[in-house]
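For reference, the chains in residue letters:
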Amino acid sequence: MTLRAHMMDVPLMVSDILVHADNCHGQQEIVTLLPESLQIHRQNYSQTHKRTKKLANALTNDLGIEPGDRVATIAWNSHRHFELYYAISGVGAVVHTVNPRLDPKQLIWMLAHAESKAVFFDVQFAPLIDGIAAMCPGVKNWILLSDASHADKVQTDCLTYEEVIKDHSEDFDWPVFDENAACGLCYTSGTTGDPKGVLYSHRSSVLHAMATMGADVMGVGASGVLLPVVPMFHVNAWGIPFAAPMAGAKLVMPGPGLDGATLHTLIDAEDVSYVAGVPTVWLGLLNYLEANDKRIDNVKRVLIGGSALPEALLRAYEDKYGVIMQQGWGMTEMSPLGTVNVALPKHADLSREDEIKIKLKQGRLVFGVGMRIVDDEGNELPWDGQSSGHVQVRGPWIASAYFKGAGAESFTDDGWFQTGDVAHLDGDGYMTITDRSKDVIKTGGEWISSIDLENAAMGHPGVEMAAAVGMPHPKWQERPLLVVQAKEGAEKDADSIIKYLSGQVPKWWLPDAIEFIDAMPIGATGKMLKTKLREIYANYEFPGVDA
Ligand code: ADP
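For every chain, the first residue of its written sequence is number 1, and the numbers climb from 1 along that sequence. A pLDDT threshold of at least 70 governs which residues receive local features in this predicted model, and a stricter bar of 80 or more applies before side-chain atom pairs are shown or counted, although totals over entire chains, interfaces and linings include all residues. The basis for the side-chain values is all heavy atoms of the structure; hydrogens and waters are excluded.

**Q** What am I meant to see in the overall build of the protein chain here?
**A** Secondary structure elements follow DSSP: runs of H or I no shorter than four residues count as helices, runs of E no shorter than two count as strands, and numbering proceeds from the N terminus. Broken down by element type, the protein chain carries 16 helices and 25 strands. Radius of gyration means the value over C-alpha atoms here, while the globule rule gives 2.2 Å times the residue count to the 0.38 power. What you see for the protein chain is a C-alpha radius of gyration of 24 Å, in line with the 24 Å of a compact globule of 547 residues. With respect to the three principal axes, the spread of C-alpha positions in the protein chain is 70 × 65 × 45 Å. Within the protein chain, buried positions represent 59% of all 547 residues. Here, residues are in contact when the closest pair of their heavy atoms is within 4.5 Å. When contacts within the protein chain are restricted to residue pairs at least 6 apart in sequence, long-range pairs at least 24 apart make up 67% of them. Only carbon and sulfur atoms are counted for the fraction: they give 51% of the accessible area of the protein chain, which is about 22,900 Å². Relative accessibility thresholds used throughout: buried, under 20% of the residue-type maximum; exposed, over 50%; partly exposed, between the two (1.4 Å probe, protein chains only). For accessible areas, the Shrake-Rupley method is used with a probe of radius 1.4 Å. Any residue's cover is judged against the shown protein chains and nothing else.

Right, dumping it as structure tokens:
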């Protein structure tokens, strides 16, 4: 029998993160490019804590929010959104972050499914709110995230944030309750099916933030200046709003300013050292830097995830701009962090080309994330750097179910979550994603990695974006079709792309056809939408092949 220890069983509470930031890093700043005015706003963690307590009083006294209630946000990254994270979860309610890029019909569905009682929104989304408010009978209050001077931009009957909190007390005793209580609700972006809700707990959010700070994860410390370009409606901005105050790091919130010019201005003016976002954002910034002959010398590391890091992007940032590109992998269901790519001591003497091969892997497992790779029959595969299979995970910040019981088939009987990704693992715990289960191109009994093919194609100088999709083929079951968005002004030359690819991928991987598209369909979280491409190219027939 084991011996019961005498350690305190203190629940992990999200509110304690902000209390700690106030006590120990009170003067550290949150800088926001205000959504309503595009002016810079500064406040420190102590001021933020005071305002958050005022908001907590407003939520409980005026807006009737009770423990367990869902309160939605449709908002950019800002100090107010940060305050909402802490005040809503702090009173025991649940922050339901909504992605404004979703279809209005989906938004209405989501607010009803979550039963959100109040919605806080930025002025940019006023037309969206005016279009859906009448169809959201469950929402009792709409609150514009600004002061009263912007209220005329909304037709819907609404309150304004600064008025709501203005007269409330700066005193509020954060309640202590079960650490397994829900603090956040985020729906998957639906790139692979209907959105499903993931409920984060206080415990999972605090543990995830603690793991995030680690030197070989994001390495967040009090001297860091973090710019989360990844939105707070996309898996809690990858947990940065929790990790930064826990470490006492400065936060720079870009509001709606996600374009290259604005990001460059913020990075430069605020001395940003660490930025995080999806590849499309870094592509935009790169284009801006190149076109305007600008640099980002204060940036030490770029965390890039959400989809695979294209080799051309890695080389451009590291070789031309001297920043370290650090790939991460995860998903909504994993809070999101699963792996982060940091080199091991034994890699110090590698040649640049070998180093790049390692950097293009999705990264090493973060402690706390258990993983296994299984074949179609569920047999575990070895960690040999070759055997690709379905990725299953488990751990304290990984969902054990979806909200209201959706998608039960994603969870195995023995307690693992099926990620829908296909990957292999090596003996150092580096994972390499080869595909999503639904995107693998199955040709003549073999698998082609659509991701590898896309990454190879994106190295061609005329290619801005490329997506490989399996299309039915009478002989091979499926063959790859490569859909390409050409770089502005570049010639749309399929032969040259095929020639370029011939040197990079096995011959049998070469696409049977290339189609050029004016604009790649991009989903709500900035990823290429293969579901949309499959609709566009439904019934596609490869030239010269009889169906
Ligand atoms: P959705 O699943 O709806 O797209 P998520 O934002 O949760 O929403 O996306 C998670 C998925 O994104 C992962 O399952 C994986 O397929 C993909 N992904 C995330 N990071 C990477 C990466 N570094 N490389 C390749 N794919 C990635």
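From this point, the narrative continues.
**Q** Mind showing me how you'd approach the pattern of salt bridges here?
**A** Side chains bearing opposite charge may pair, as long as their charged atoms lie close to each other. Here, a salt bridge means any side-chain nitrogen of Lys or Arg that lies within 4 Å of a carboxyl oxygen of Asp or Glu. Here the structure, examined in full by the defined rule, presents 30 salt bridges. Its salt-bridge partner being Glu162, residue Arg51 comes within 2.9 Å of it at the nearest N-O pair. Of this pair, Arg51 sits in helix H2 (residues 45-61) while Glu162 sits in helix H6 (residues 161-166), and the two are 111 residues apart along the sequence. Comparing Arg51 with Glu162 shows no difference in burial state: the two are buried. Of the charged contacts in the structure, one is a salt bridge between Glu318 and Lys359, with a shortest N-O distance of 2.6 Å.

**Q** What exactly am I supposed to notice about the environment of Ser169 here?
**A** Structurally, Ser169 can be placed in the loop between H6 and strand S8 (182-187). The exposure class of Ser169 is partly exposed, given its relative accessible area of 35%. Spatially, the C-alpha atom of Ser169 lies 8.7 Å from that of Lys50, the residues being 119 residues apart in sequence. Setting aside residues no more than four positions away along its own chain, Ser169 makes contact with Lys53, Lys54 and Asn57.

**Q** Got a minute to help me understand the packing of helix H7 (residues 202-213) against helix H9 (residues 240-247) in this structure?
**A** Two numbers describe a pair of packed helices, the interaxial angle and the distance between the axes. Their axes nearest at 9 Å, the elements H7 and H9 cross at an angle of 65°. As judged from the angle between their axes, H7 and H9 are roughly perpendicular. Crossing of H7 against H9: the hand is right-handed. Each of Ser205, Val206, Ala209, Met210, Thr212 and Met213 in H7 lies in contact with H9, whose residues at this interface are Phe242, Ala243, Met246 and Ala247. For the contact of H7 with H9, the class distribution of residues is eight nonpolar, two polar and no charged. Lines are fitted to the C-alpha atoms to define the axes, a helix being fitted only along its stretch in contact, and any angle between axes, read from their N-to-C directions, falls within 0 to 180 degrees. Angles are sorted into four bins: roughly parallel if under 35 degrees, roughly antiparallel if over 145, roughly perpendicular if 65 to 115, and oblique for all others. Crossing handedness is defined as follows: a turn of the near helix away from the far one that is anticlockwise and smaller than a right angle gives a left-handed crossing, while the clockwise case is right-handed. In this classification, Asp, Glu, Lys and Arg are treated as charged, Ala, Val, Leu, Ile, Met, Phe, Trp, Tyr, Cys and Pro as nonpolar, and every other residue, Gly included, as polar.

**Q** So what exactly am I meant to see when it comes to unusual backbone geometry here?
**A** The bulk of non-glycine residues show a negative phi, and the bulk of peptide bonds are trans. Residue Pro336 is reached from Ser335 by a cis peptide bond, and omega for that bond is 10°. Mapped onto the secondary structure, Pro336 falls in the loop between strand S14 (324-330) and strand S15 (337-340). Unusually for a residue other than glycine, Asp293 sits at a positive phi of about 55°. Topologically, Asp293 is positioned in the loop between helix H11 (279-292) and strand S13 (301-304). Given a relative accessible area of 73%, Asp293 falls into the exposed group.

**Q** I tried to follow the domain arrangement of the protein chain on my own but got confused; where do I start?
**A** For the protein chain, the assigned domains read domain 1 (14-205 + 231-241), domain 2 (368-436) and domain 3 (441-536). Taking only C-alpha atoms, the centre of domain 1 and the centre of domain 2 are 32 Å apart. Contacts between the two partners involve 15 residues from domain 1, matched on the other side by nine residues from domain 2. For the domain 1 and domain 2 pair, buried surface summed over both sides reaches about 920 Å², with 66% attributable to carbon and sulfur atoms. Note on terms: buried area is the combined drop in 1.4 Å-probe accessible area of two parts once they are placed together, counting the loss on both. Considering only the surface of domain 1 that becomes buried against domain 2, His113, Lys196 and Ser204 emerge as the three largest contributors, covering 43% of it. Our count for the contact surface shared by domain 1 and domain 2 stands at one salt bridge. A salt bridge links Glu115 to Lys404; the shortest N-O distance between them is 2.7 Å. For this analysis, a polar contact is any N or O atom pair within 3.5 Å, provided that within protein one partner can donate a hydrogen and the other can accept it, and provided that sequence-adjacent residues contribute only side-chain to side-chain pairs. Across the contact surface, domain 1 and domain 2 share three residue pairs in polar contact (both at pLDDT 80 or more). Those elements giving two or more residues to the side of domain 1 that touches domain 2 turn out to be helix H4 (104-114), S8, strand S9 (197-201) and H7. Of all the elements, S9 adds the most residues to the side of domain 1 that touches domain 2, at three residues. Taken together, the residues of the side of domain 1 that touches domain 2 sort by class into five nonpolar, six polar and four charged. For the domains described, the bounds stem from an automatic or database domain assignment.

**Q** Explain the packing of helix H1 (residues 14-25) against H9 to me, please; I cannot follow it from the model alone.
**A** Between H1 and H9, the shortest axis-to-axis distance is 7 Å and the interhelical angle comes to 35°. Every pair of crossing elements has a handedness; the one defined by H1 and H9 is left-handed. Contact residues: Val14, Ile17, His20, Ala21 and His25 in H1; Phe242, Pro245, Met246 and Ala247 in H9. Looking at the contact of H1 with H9 residue by residue, the class counts come to seven nonpolar, two polar and no charged.

**Q** I would appreciate a short explanation of the packing of aromatic side chains in the present structure.
**A** Geometry of an aromatic ring pair is reported as the spacing of the ring centres plus the angle between the planes. Stacked, edge-to-face and tilted labels apply to pairs of Phe, Tyr and Trp rings (six-membered ring for Trp) whose centres lie within 6.5 Å, assigned for plane angles under 30 degrees, over 60, and everything in between, in that order. Taken as a whole and judged by the stated rule, the model has 16 aromatic pairs. Judged by centre distance (6.2 Å) and plane angle (35°), the rings of Tyr45 and Phe82 are tilted. With a gap of 37 residues between them, Tyr45 in helix H2 and Phe82 in helix H3 (residues 79-90) connect regions that are remote in the sequence. Considered together, Tyr45 and Phe82 belong to a single accessibility category, that of buried residues. Relative to Phe233, the ring of Trp76 has its centre 6.1 Å away and its plane inclined at 50°; by these criteria the two rings are tilted. On the criterion of sequence distance, the pair formed by Trp76 in the loop between strand S3 (70-74) and H3 and Phe233 in the loop between strand S10 (225-228) and helix H8 (235-238) is long-range, its members being 157 residues apart.

**Q** Sorry if this is basic, but what is going on with the sheet that holds strand S25 (residues 513-516) here?
**A** Strand order in this open sheet of three strands is S23-S24-S25, and the pairing throughout is mixed. Lying at the two open borders of the sheet, with one neighbouring strand each, are strand S23 (463-473) and S25. Averaged over all pairs of adjacent strands, the angle between strand axes in this sheet comes to 30°, irrespective of strand direction. Inspection of the sheet shows strand S24 (residues 477-486) paired to S25 by four bridges, in the parallel sense. The partner of Leu482 across the bridge, within S25, is Ile514. For two strands to count as paired, DSSP must find a minimum of two bridges between them.

**Q** What am I meant to see in the pairing of S3 here?
**A** Look at any regular strand and the pattern is simple: side chains alternate between the two faces of the sheet. With five of its five residues buried, S3 lies for the most part within the structure. What you see with S3 is no split at all: Arg70, Ala72 and Ile74 on one side and Val71 and Thr73 on the other are buried throughout. Note on handedness: a crossover is taken as right-handed if, strands pointing away from the viewer, the path from the first strand over the helix to the second is clockwise. Once you follow S3 into H3 and on to strand S4 (residues 94-97), the crossover reads as right-handed. By the bridge criterion, five bridges tie S3 to strand S5 (residues 116-121) in an arrangement that is parallel. Paired with Ala72 across the two strands is Val119, which belongs to S5.

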